Amino acid sequence: MSTNQRVAFIGLGIMGLPMAGHLLAAGHRLTVHTRTKAKAQSILDQGAVWADSPGEAVKGADFIFLCLPDTPDVEKVVAGLLAGIRGGQIIVDHSTISPAATRRMAGTLASVGVHLLDAPVSGGDVGARNATLSIMMGGDPRAFELALPLLQVMGKTITYTGPSGSGQLTKLTNQILVSLTNLATCEALTFAIQSGLDPAKTILAIGSGAGSSWQLNHLGPRMVAGDFAPGFMIDLQVKDLGLVADAMRDIKLSLPASPIVQSLFEKLQQTGHGRDGTQALFLAVQKNDF
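Thresholds applied
Residues numbered from 1 in each chain as written. Predicted model: local features only at pLDDT ≥ 70, side-chain atom pairs only at ≥ 80, totals over all residues. Heavy atoms only, no water. Salt bridge = Lys/Arg side-chain N within 4 Å of Asp/Glu carboxyl O. Helix = DSSP H or I, 4+ residues; strand = E, 2+ residues; numbered from the N terminus. Buried < 20%, exposed > 50% of the residue type's maximum accessible area, 1.4 Å probe, protein only. Expected span 1.5 Å × (residues − 1). Contact = heavy atoms within 4.5 Å. Axes fitted to C-alpha atoms, helices over the stretch in contact; angles between N-to-C directions. Parallel < 35°, antiparallel > 145°, perpendicular 65-115°, else oblique. Left-handed = near helix turned anticlockwise from the far one by under 90°.

Peer 1: Whenever I open this one, the pattern of salt bridges confuses me. Can you help?
Peer 2: Oppositely charged side chains can pair when the atoms bearing their charge come close. Following the criterion strictly, the structure yields 8 salt bridges and no others. Of the charged contacts, one joins Glu 75 and Arg 104 as a salt bridge, the two residues approaching to 3.9 Å between their closest N and O atoms. One end of the pair, Glu 75, is in helix 4 (residues 71-81); the other, Arg 104, is in helix 5 (residues 99-110), and 29 residues separate them in sequence. The class of Glu 75 is partly exposed, set by a relative accessible area of 32%. Residue class for Arg 104 comes out exposed when judged on its relative accessible area of 53%. A salt bridge links Asp 227 to Arg 222, with the nearest nitrogen and oxygen atoms 3.3 Å apart. Through salt bridges with shared partners, a single network forms among Arg 6, Asp 62 and Arg 86.

This is the structure:
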């Protein structure tokens, strides 16, 4: 594939901005739009073109990337694009949203000859900056093959998971693991501290053993340092766990632990921690707030 594709990128938040930057650095012609233009200034300074609306951004684009907070945001943008998109365009949605809504939108877009690939990501802001994201893809396999070279400049592990919606379901599977491993890290470090251990030495001692995890090694040091700046916000974790709960109802599945961690994150959100990083779960565990 040419390294001079016409690409639109809509949504330049913590994840979207560095992801779009990798596409620009790879030589693609990039047009961007986000709700607050000031957030796009750094990438505009590097040569991206600003569009005043999503509809303007996608004019002439071969590939359209979305990285938006929630299902209604994606639905609103896709509805707004329907009047201006053309057959043959491929929309790659990196948002984490409802699998059912993804399938509905994919059907609507397919009727006008446009492919929607659900392509949620994992790896946090660090993975987005370092182009080491895991990207899980659902949708038409031929469209996936066409989009793959662009995805490879943003991610390290790119997996085609099946038909429309399967990428989102894979991401929700990931979010169960992420949130519960986060809780396990909080509990383990709280136990260590209350037992009189040095938490930094504890992380060093167990961080490469059978109890190792990304959360322990990356979020653990931030927990004990009281650093709750967001790489991934609690507001978004609550949203994702709500999607997990919806999906479990759809398949008539009951799980024991996911609702517990969801309720803890919701308590933190309700007490003003929604925009903190998910490592702030440590606060709830330390306070025995459950």
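Peer 1: Is there a simple way to explain helix 11 (residues 234-250) in this structure?
Peer 2: Counting along an α-helix, one turn takes 3.6 residues, and residues three or four places apart therefore face a common direction. For helix 11, with 17 residues, the first-to-last C-alpha span of 24 Å sits near the 24 Å given by 1.5 Å per residue. For helix 11, the full list of buried residues reads Ile 234, Gln 237, Val 238, Lys 239, Asp 240, Leu 241, Leu 243, Val 244, Ala 245, Ala 247 and Met 248. Taken together, the buried residues of helix 11 touch helix 4, helix 8 (166-194) and helix 12 (258-273). Where helix 11 terminates, the next one or two residues include Lys 252, which has phi positive at roughly 55°.

Peer 1: How do you make sense of the packing of helix 8 against helix 10 (residues 214-225) when you look at a structure like this?
Peer 2: The packing of two helices is summarised by the inter-axis angle and the distance between the axes. In contact at an axis separation of 10 Å, helix 8 and helix 10 are set at 50° when each is read in the N-to-C sense. Here helix 8 lies oblique to helix 10, going by the angle between them. With respect to the hand of their crossing, helix 8 and helix 10 are arranged in right-handed fashion. Contacts between helix 8 and helix 10 involve Val 178, Thr 181, Asn 182, Thr 185, Cys 186, Leu 189 and Ile 193 from the first element and Gln 215, Leu 216, Leu 219, Gly 220, Met 223 and Val 224 from the second.

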